[in-house]
Each structure stands twice: as structure tokens, then as C-alpha cells.
Amino acid sequence: MSTPPDDRPIYRLLTGKDDRAFCDRVSEALEQGWRLYGSPSLAWDTENNCMKAAQAVVWKDADVVKG
């Protein structure tokens, strides 16, 4: 199994404001070899008055079992 870049763990949760920058971060992770893990999640941040997004990704070779 290959290892993720920059000594990152095989599982990551990308989070941030639901905007172009967040989509670019997810796209960059996919280009690097990560794959989507589950569905994205959205929640309204009342303190900052914006939508927040989260997307889990796992390293391409990770042997993970969805529970």
C-alpha cells in the first residue's frame, strides 16, 4: 500500500465554508489520489452567517469498511 503525501493519515475530513475554495480543496485531494468516503455534509453556521461543508476522503489504497 502506498502512503499518503506529507505523512497525512489515511482518513481526512475536509471542512470549510461552502464556496469555490472548498470545492477546489476537495478537487485537489482527488487529484492527489484521495477518494471520497461517504456523502458530503452541509450545515448552516449562524455565528458566521454562511453554509459550512464537510467531506471525508480516504487514501486511494486504504482498506476501509463503512459501518
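In this text the structure is predicted, and so the values were computed from the model without any measurement.

Reading guide: rules and limits
- Residues numbered from 1 in each chain as written.
- Predicted model: local features only at pLDDT ≥ 70, side-chain atom pairs only at ≥ 80, totals over all residues.
- Heavy atoms only, no water.
- Helix = DSSP H or I, 4+ residues; strand = E, 2+ residues; numbered from the N terminus.
- Buried < 20%, exposed > 50% of the residue type's maximum accessible area, 1.4 Å probe, protein only.
- Contact = heavy atoms within 4.5 Å.
- Areas by Shrake-Rupley, 256 points an atom, 1.4 Å probe, with all protein chains shown as cover.
- Lys, Arg positive; Asp, Glu negative; His and termini not counted.
- Charge placed at Lys NZ, Arg CZ, Asp CG, Glu CD.
- Salt bridge = Lys/Arg side-chain N within 4 Å of Asp/Glu carboxyl O.
- Pairing = 2+ DSSP bridges.
- Polar contact = N/O pair within 3.5 Å; in protein donor to acceptor, adjacent residues only side chain to side chain.
- Patch = residues over 30% accessible without salt bridge, like charges linked within 9 Å, V, L, I, M, F, W, Y side chains within 5 Å.

1. Remarks on the overall build of the protein chain
Move 1: Along the backbone of the protein chain there are 1 helix and 4 strands.
Move 2: When the helices and strands of the protein chain are read in sequence order from the N terminus, they spell out β-α-β-β-β.
Move 3: Each principal axis of the C-alpha distribution contributes one length, and for the protein chain these read about 40 × 25 × 15 Å.
Move 4: Among the 67 residues that make up the protein chain, the fraction classed as buried is 28%.
Move 5: For the protein chain, the share of sequence-separated contacts (at least 6 apart) that also reach a separation of at least 24 residues comes to 61%.
Move 6: Accessible surface, the protein chain as shown: approximately 4800 Å² in total, 49% of it carbon and sulfur.
Move 7: Measuring between centres, the 9 positive side-chain charges of the protein chain sit 2 Å from its 11 negative side-chain charges.

2. Observations concerning the pattern of salt bridges
Move 1: What the rule picks out here adds up to 2 salt bridges.
Move 2: With its nearest N and O atoms 3.0 Å apart, the salt bridge here joins aspartate 24 to arginine 20. Of this pair, aspartate 24 and arginine 20 both sit in helix H1 (residues 20–32), 4 residues apart, which is roughly one turn of that helix.
Move 3: Note that lysine 52 and aspartate 45 form a salt bridge whose closest N and O atoms lie 3.1 Å from each other.
Move 4: Classification of lysine 52 by relative accessible area gives partly exposed; the value is 32%.
Move 5: Of the residues examined, aspartate 45 reaches a relative accessible area of 16% and is grouped as buried.

3. A short note on the pairing of strand E3 (residues 41–45)
Move 1: As judged from the 5 bridges shared by E3 and strand E4 (residues 50–59), these two strands associate in the antiparallel manner. Across the sheet, residue aspartate 45 finds its bridge partner in E4, namely cysteine 50.

4. Notes on the side chain of glutamine 55
Move 1: Among the structural elements, glutamine 55 can be located in strand E4.
Move 2: Only 3.2 Å separates the side chain of glutamine 55 from the backbone oxygen of glycine 38, close enough to count as a polar contact.
Move 3: What glutamine 55 contacts, discounting residues up to four positions off in sequence, is Arg12, Leu13, Leu14, Phe22, Val26, Leu36, Tyr37, Gly38, Ser39 and Pro40.

5. Some details on a nonpolar patch on the surface
Move 1: A contiguous nonpolar surface patch, about 330 Å² in accessible area, is contributed by Ile10, Tyr11, Leu13 and Val64.
Move 2: Among the structural elements, isoleucine 10 can be located in the segment before strand E1 (11–17).
Move 3: The partly exposed category is assigned to isoleucine 10, whose relative accessible area is 33%.

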